[in-house]
Amino acid sequence: MFVLVEGVIAKQKRTMPKSASICLTVENKTVTAEAMVDSGCRVFDPLSGRQCLFLSKNKFRELLDESMIGFAEGNYCNFDAAKMKNIRFVPVSTVDGEGLSVGLLSDSCKVDDKECSMCILCGKKDDYCGYEAIVPYEIV
């Protein structure tokens, strides 16, 4: 009996992949990146309830038009107010500290060709151990 139960439990366990390919679209701008899969990435947008992924600063900039780049970097004086519908401020607590992260609601998000709905957060780094993003394990 013990062997049978152990076999069922072992079947249910999934191996966690190390990486995933992501394709993100926001207002007709598309970015692809290789993401590190993180089992501890549990950040949610408080307004939409969407799970968040962290995108490197360089890749995040590719999703923005020129009027919004300064806004994402903390210059809140010069920006296109019409673009605010996709902008989110998400409270985060990471090993780097606590604070608010600027995010975008994705129009389309594919993680390993699986469609999902995500909030894309601007990471503080340009690189995450050789990856351009961090994606939650539950999405993969």
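*Asks:* Is there a simple way to think about the side chain of Ser 56 in this case?
*Replies:* You can see Ser 56 is positioned in the loop between strand 3 (51–55) and helix 2 (57–62). Its relative accessible area of 1% is what places Ser 56 among the buried residues. In this view, Ser 56 contacts Lys 125, Asp 126, Asp 127, Tyr 128 and Glu 132; residues no more than four positions away in its chain are not counted.

*Asks:* For this particular structure, what's the right way to read unusual backbone geometry?
*Replies:* Glycine aside, a negative phi is what most residues show, and trans is what most peptide bonds show. The backbone phi angle of Glu 27 is positive, close to 45°, even though this residue is not glycine. Tracing the chain through its elements places Glu 27 in the loop between strand 1 (19–26) and strand 2 (29–38). The class for Glu 27 is partly exposed, based on a relative accessible area of 32%. Even without being a glycine, Asn 28 presents a positive backbone phi close to 70°. Counting through the fold element by element, Asn 28 comes out in the loop between strand 1 and strand 2.

Here is what the cut-offs are and how they apply
- Residues numbered from 1 in each chain as written.
- Predicted model: local features only at pLDDT ≥ 70, side-chain atom pairs only at ≥ 80, totals over all residues.
- Heavy atoms only, no water.
- Helix = DSSP H or I, 4+ residues; strand = E, 2+ residues; numbered from the N terminus.
- Buried < 20%, exposed > 50% of the residue type's maximum accessible area, 1.4 Å probe, protein only.
- Contact = heavy atoms within 4.5 Å.

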